[in-house]
Amino acid sequence: MFKKIRDKIDNATRQATARAEQDFQGHAAQFQREAAAQGHDIRPQLPTLGMVSHAFGTMTDDPAMAEFMGLPAEEQLRQQREVTTYGQNLRWLHESGEPATAVVRTLDPTGRAVAGQLQYTSALDVTRADGTTYRTTITHLVPTMAFSQYTPGTRHEARIDPADPANVGVFGLVD
């Protein structure tokens, strides 16, 4: 009897894995076509067991991510929506914002993490393309692996919302 149950579970697992792989391949092909239309050559790869194991190990080594993974599903979804909104704003700024540079003057933790990423406030000295400078404070998410890139004194490519100069996106380091 137990062998029949085990065999049914094994069979269902194999079928679900095969369907998931087919779904991934379909989504990957669609993503690849959309990326190619924008001039990018990206080839998604089905994660290997080693990749998944490494990713989970890395996630649980980060206390903020481990805490996030332990939250109820509803709170995880809420935080994921918050990160998505944050990312959409950054993308809009990057694509449509006024070019500028920003020097990080402070990097202060808010004591809050969103979807496993720590949140900080930073005072920035922003220099517009015309040379005018102003100071503003932003709240942003800083991945643990990128923390050193945002230390006070670092200079970054930035984009400013033309309608709201306090809405500044901070991007790559500038020499």
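In this report, we go over the structure that sits alongside the text. Position numbers for residues start from 1 in each chain and track the written sequence from start to end. Per-residue local features of the predicted model are confined to residues with pLDDT of at least 70, and side-chain atom pairs are confined, for both listing and counting, to 80 or more; whole-chain, interface and lining totals are unaffected and use all residues. Excluding hydrogens and water, the side-chain values take into account all heavy atoms of the structure.

## Focus on the side chain of Gln119
Consideration 1: Under the scheme used here, helices are H or I runs from DSSP no shorter than 4 residues and strands are E runs no shorter than 2 residues, and both carry numbers assigned from the N terminus. With respect to the helices and strands, the residue Gln119 is situated in strand S3 (residues 117-128).
Consideration 2: The class for Gln119 is buried, based on a relative accessible area of 14%.
Consideration 3: Beyond its immediate sequence surroundings of up to four residues, Gln119 is in contact with Asp108, Pro109, Thr110, Gly111, Arg112, Val114, Thr139, His140 and Leu141. Only protein chains enter the calculation, and the probe is 1.4 Å; a residue is then buried if its accessible area is under 20% of its type maximum, exposed if over 50%, and partly exposed in between. Whether two residues touch is decided by their heavy atoms; if any such pair falls within 4.5 Å, the residues are in contact.

## Digging into the environment of Pro165
Consideration 1: Turning to its location among the elements, Pro165 is positioned in strand S6 (residues 164-173).
Consideration 2: Here the alpha-carbon distance between Pro165 and Gly97, two residues 68 residues apart in the chain, equals 9.8 Å.
Consideration 3: Beyond its immediate sequence surroundings of up to four residues, Pro165 is in contact with Arg128, Tyr134 and Ile160.

## A few points about helix H4 (residues 73-96)
Consideration 1: If you check H4, its first and last C-alpha atoms are 34 Å apart, about what 24 residues at 1.5 Å a residue would give, namely 34 Å.
Consideration 2: Residues of H4 that are buried include every one of Gln76, Gln79 and Leu93, and no others.
Consideration 3: Elements in contact with the buried residues of H4: helix H3 (63-69), strand S2 (108-114), strand S5 (155-161) and S6. Multiplying 1.5 Å by the helix residue count minus one yields the expected span of that helix.

## Looking at the nonpolar core
As a rule of thumb, nonpolar side chains are buried together in soluble globular proteins.
Consideration 1: What is meant by a nonpolar core is a set of buried Ala, Val, Leu, Ile, Met, Phe, Trp, Tyr and Cys residues, joined one to another through side-chain atoms within 4.5 Å. The biggest cluster of nonpolar side chains holds 16 residues, and the ones touching the most others in it are Leu124, Val126, Tyr150 and Val168.
Consideration 2: Only strand S1 (98-104), S3, strand S4 (133-142), S5 and S6 provide two or more residues apiece to this core.

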